[in-house]
Amino acid sequence: QVQLVESGGGLVQAGGSLRLSCAASGRTFSNYAMGWFRQAPGKAREFVAAISWTGGRTSYADSVKGRFTISRDNAKNTVYLQMNSLKPEDTAVYYCAVCRGPNILTMVNGYDYWGQGTQVTVSS
C-alpha cells in the first residue's frame, strides 16, 4: 500500500522558516517527479513546487520563487520543502504528491498519490 507522510509543519512568525518532509513507502518513487501543493481555507489546492525524478530540474510557483527550495533523497524515498521568509499568505495545509511520470507537472490532476497534509500557519 502506497503511503506518503508529511511532517515539519507548525506555527511560525512571519519571516521565519520551516522544513517540510515527505516520506514515501509502499513502493519506490525514484523514477517519478514529486511535488508539493497547498490549500488554504476556502481556496482551491494550488501548485507550490516540483522536482524531477533525478532532482536535476525544479519548478516553483511565482509566489514562492526565491523563498522555497524543493529537494529529494531517492535513497530515503523522501522529498523536502525548505521554506524561508515565510509570509502570512503562506498559511495553508501542505501536501506532497507523486507525479504520474518522471517529468515535472504543475496541475493537481497530474499526480496520482497524495499525503494527508501538514498544517503551516504563519502569524503576522
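Above this text is the structure in question.
In this text the structure is predicted, and so the values were computed from the model without any measurement. Here, residues in each chain are numbered from 1, in the same order as that chain's written sequence. Local features are withheld for residues below a pLDDT of 70 in this predicted model, meaning they are given only at 70 or higher, and side-chain atom pairs are given and counted only at 80 or more; totals for whole chains, interfaces and linings count all residues. Hydrogens and water are ignored here; the side-chain numbers use all heavy atoms of the structure.

Undergrad: Would you explain the nonpolar core in this entry?
TA: Inside soluble globular proteins, nonpolar side chains tend to come together where they are buried. For this analysis, a nonpolar core means a set of buried residues of the types Ala, Val, Leu, Ile, Met, Phe, Trp, Tyr and Cys, connected via side-chain atoms within 4.5 Å. Burial classification: accessible surface area is computed with a 1.4 Å probe over protein chains only, and a residue below 20% of its type maximum counts as buried, one above 50% as exposed, and the rest as partly exposed. With 35 residues, the main nonpolar core has W36, L81, M83 and Y94 as its most contacted residues. Secondary structure elements are taken from DSSP: a helix is a run of H or I of four residues or more, a strand is a run of E of two residues or more, and numbering for both begins at the N terminus. No other element matches strand β9 (residues 92–99), which puts six residues into this core. Not counting the four nearest positions on each side in its chain, L81 is found in contact with L18, R19, L20, W36, V48, A49, F68, T69, I70 and Y94. Any pair of residues with heavy atoms lying within 4.5 Å of one another is described as a contacting pair.

Undergrad: Got a minute to help me understand the pairing of strand β3 (residues 18–25) in this structure?
TA: Strand residues, when the strand is regular, have side chains that alternate between the two faces of the sheet. Any two strands between which DSSP finds at least two bridges are classified as paired. Bridging between strand β1 (residues 3–7) and β3 involves five bridges; their strand directions are antiparallel. Within β3, the position partnered with L4 by the bridge is A24. Bridging between β3 and strand β8 (residues 78–83) involves six bridges; their strand directions are antiparallel. Bridge pairing in β8 places A23 opposite T78.

Undergrad: Is there a simple way to explain the pattern of salt bridges in this structure?
TA: Between side chains of opposite charge, a pair can form when the charged atoms approach closely. Here a salt bridge means any side-chain nitrogen of Lys or Arg lying within 4 Å of a carboxyl oxygen belonging to Asp or Glu. Scanning all chains against the criterion turns up five salt bridges. The shortest N-O distance in the salt bridge between D90 and R38 comes to 2.9 Å. Of this pair, D90 sits in the loop between β8 and β9 while R38 sits in strand β4 (residues 34–39), and the two are 52 residues apart along the sequence. Both residues of the pair, D90 and R38, count as buried. Across the salt bridge formed by K65 and D62, the nearest N and O atoms sit 3.1 Å from each other. Note on D62: relative accessible area 66%, which makes it exposed.

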